[in-house]
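Close look at the chain arrangement
Each chain, letter by letter, is given below.
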Amino acid sequence: MELISPTEWAKDLVLAIQEWTYLAARSIGNIFRHPRYVSDTLQQADLIGVGSLPIVVLTGFFTGGVLALNAARTLEQYGSLSLTGQLVSISMVRELGPTLAGLMVAGRNASGMASELGSMKVTEQIDAMRALGTDPSKKLVTPRVVATIIMLFFLTIICDFFGLTGGFAVSQLGLHLDAHQYWNNAYQTLEFGDVIIGLIKPLLFGFLVATIGCYYGLTSRGGTQGVGRATTQAVVAASILILAVNYFTSQLLLYLLK
Amino acid sequence: MPAPVAPAESPARTTDGQPQSAIVFEQVSISFEGNMVLDGISFSLERGETKALLGVAGSGKSTILKLTMGLVKPDHGNIWVLGQEVSAMKEEDLFELRRKLGMVFQESALFDSLTVRDNVAYRLIEEGVPEDKIQKRVEEALRFVELEHTLNMYPGELSGGMRRRVAIARAIVDQPEILLYDSPTGGLDPVTSTTIIELIVKQRDVYHTSSLLVSHRLQDAFTMATHYFDRGKNRMVPVNGAPIDTRTSFLVLRDGKVIFDGSAHELGTSRDEYIREYIS
């Protein structure tokens, strides 16, 4: 493996951040510029939203279930088993729903975007597009960013709902809790701030997933091996950033909504 | 209101304000990762002229085409295309100019998820041309390259030669003012190569499009210089002393510099040792 000097590594990192920032800013700026690729956006929304639905539903359901299972063990010691719904609800809506949906979409779609755009890059299709007078950031990046932001928002709501349903299934079938009590606890414990936190996060995560996937795709080089590398890097970067941004967003929003 | 600023030291213009040359390179240099690829090269391509760019692999021929398109920016020097200084233009402003240019990429660069019809129609669809006109122009372009029957096929279903012909159809569908061919015969068998060269000659002689052609095959460039397209016979025929100017010149690159810029005859009679070895 080739060793890179720390200075070169730092320079490359700063350059990558600069290029990603420029691409991300352009992808948002393009929303207000002509031409707008509405049909491409709808196609991406279908690929990202409908395509990710099964994994988001399953992830939400089983995470909610395991949350209820683990929470019950602790709550039982204090005789508060009835608060299971409350714990599942807060955890899913505020943290796990957005994060897990974001990670699932990152794994599925950031990699898809990086490999698709990366293949186009190494086969000169991106240059051909530019040569034909089309701005790839408008045609390829903005539709993906817009579609991911919108669809991740709804996928998070679905993930939250199926998380609560998973928790309910365990509470009902395993813990024999009262259904009305579970849902009432889960609903009553949620405050306006919790819902706001849970719904702002997917907007940020969607933006990160799409811009990172597109950035790695558009900057990939070195043939098929380069495309593979770009795909891996996109998933790793998007996943780490989702977790980091999740922490700082929680901190900030909890402070602001206190 | 401030008066519009004219481009500084722009190339010579005709009386109606149009630049005389289709493409002008002035002292253009570019390097990639510390390697100097082009080192202060200057040349011009006149309107209606075809210039074959020759040189060994890595001599910067394809880079010249990408610089012309504004796909890469030079480190130094100025490039004018159709009177506009592409080396000083922003990416957003270049898209309009690029619509007047056509480019055939080395590996065709067809969009593999689109059919042949949608590949050829790409530019027209983007410009919002009505569907009936798109169909007519796509069929015309595909008829020009004799591939009308591939309309609904995908690039992956075509042979290498067919893909190059579709790439030519895509480049000419909007009748651009300048065509850039990047090794259009690279990796093809001699028969298919001759078919491609015939199409390029046909485009040159029927539509008088200015073009830059990168080629590794010297015989292709010489064929272009010594043949013209006979519309009556609908094929390429040798000039054979007829008073026909094929308007084809040669530019030879070596170590990032232009070592020859002239006609086929001048190239053939050059005394430069490297050129003699190159063309032998």
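Now for a look at the structure at hand. Just so it is clear, the model here is predicted, and its values are computed rather than measured. (Residues numbered from 1 in each chain as written. Chains lettered and ligands numbered in written order. Predicted model: local features only at pLDDT ≥ 70, side-chain atom pairs only at ≥ 80, totals over all residues. Heavy atoms only, no water.)

**Let's talk about the overall build of chain A**
Secondary structure summary: chain A contains eight helices and zero strands in total. Traced from its N-terminal end to its C-terminal end, chain A shows the element sequence α-α-α-α-α-α-α-α. A principal-axis box enclosing the C-alpha atoms of chain A has dimensions of 65 × 45 × 35 Å. Residues classed as buried in chain A amount to 49% of the 258 residues present. Surface summary for chain A: the accessible area is close to 12,800 Å², and the carbon and sulfur share equals 68%. Within chain A, one finds 16 positive and 16 negative side-chain charges whose respective centroids are separated by 7 Å. (Helix = DSSP H or I, 4+ residues; strand = E, 2+ residues; numbered from the N terminus. Buried < 20%, exposed > 50% of the residue type's maximum accessible area, 1.4 Å probe, protein only. Areas by Shrake-Rupley, 256 points an atom, 1.4 Å probe, with all protein chains shown as cover. Lys, Arg positive; Asp, Glu negative; His and termini not counted. Charge placed at Lys NZ, Arg CZ, Asp CG, Glu CD.)

**Considerations on the interface of chain B and chain A**
In this assembly, 23 residues from chain B lie in contact with 19 residues from chain A. Of the roughly 1,800 Å² buried at the junction of chain B and chain A (both faces included), carbon and sulfur atoms supply 50%. Here chain B is connected to chain A by five salt bridges. Put simply, A:Lys139 and B:Glu126 hold a salt bridge, and the shortest N to O gap is 3.8 Å. One can count 11 residue pairs in polar contact (both at pLDDT 80 or more) joining chain B with chain A. When contributions to the side of chain B that touches chain A are tallied by element, the ones reaching two or more residues are helix 1 (61–69), helix 2 (91–98), strand 6 (101–104) and helix 3 (116–126) of chain B. (Contact = heavy atoms within 4.5 Å. Buried area = accessible area lost by both parts, 1.4 Å probe. Salt bridge = Lys/Arg side-chain N within 4 Å of Asp/Glu carboxyl O. Polar contact = N/O pair within 3.5 Å; in protein donor to acceptor, adjacent residues only side chain to side chain.)

**Here's the deal with the sheet that holds strand 1 (residues 21–32) of chain B**
Residue and element names in this part refer to chain B. In spatial order, the strands read 2-1-4-5; together these four strands make up an open sheet with antiparallel pairing. The open sheet has two free edges, formed respectively by strand 2 (35–46) and strand 5 (84–85), since each of these has just one partner strand. Alignment of strand 1 against strand 2, held across eight bridges, turns out to be antiparallel. The residue of strand 2 that forms the bridge with Ile 30 is Leu 38. Where helix 1 meets the sheet, it contacts strand 1, strand 2 and strand 4 (76–81), and its direction lies at approximately 115 degrees from that of strand 1. (Pairing = 2+ DSSP bridges. Axes fitted to C-alpha atoms, helices over the stretch in contact; angles between N-to-C directions.)

**Quick word on the packing of helix 1 (residues 6–29) of chain A against helix 5 (residues 136–173) of chain A**
Residue and element names in this part refer to chain A. Here helix 1 crosses helix 5 at 85 degrees, and the two axes come no closer than 9 Å. In terms of orientation, helix 1 lies roughly perpendicular with respect to helix 5. Contacts from Leu 23, Arg 26, Ser 27 and Ile 28 of helix 1 reach helix 5 at Ser 137, Val 141, Thr 142 and Val 145. Across the contact of helix 1 with helix 5, the residue classes tally to four nonpolar, three polar and one charged. (Parallel < 35°, antiparallel > 145°, perpendicular 65-115°, else oblique. Nonpolar A, V, L, I, M, F, W, Y, C, P; charged D, E, K, R; others polar.)

**Regarding the side chain of A:Asn30**
All names here are of chain A. Of note, Asn 30 is situated in the loop between helix 1 and helix 2 (38–77). Assessed through its relative accessible area of 2%, Asn 30 is described here as buried. Of the polar contacts made by the side chain of Asn 30, one reaches the side chain of Thr 142; its length is 3.1 Å. Discounting residues that sit within four places of it in the chain, Asn 30 has contacts with Ser 137, Lys 138 and Thr 142.

**Some words on the environment of A:Gly64**
Residues and elements named next belong to chain A. Tracing the backbone through its elements, the reader meets Gly 64 in helix 2. The exposure class assigned to Gly 64 is buried, which follows from its relative accessible area of 0%. Separated by 107 residues in sequence, Gly 64 and Ser 171 place their C-alpha atoms 10 Å apart. With sequence-adjacent residues up to four places away left out, Gly 64 is seen in contact with Val 88, Met 92, Gly 163, Gly 166 and Gly 167.

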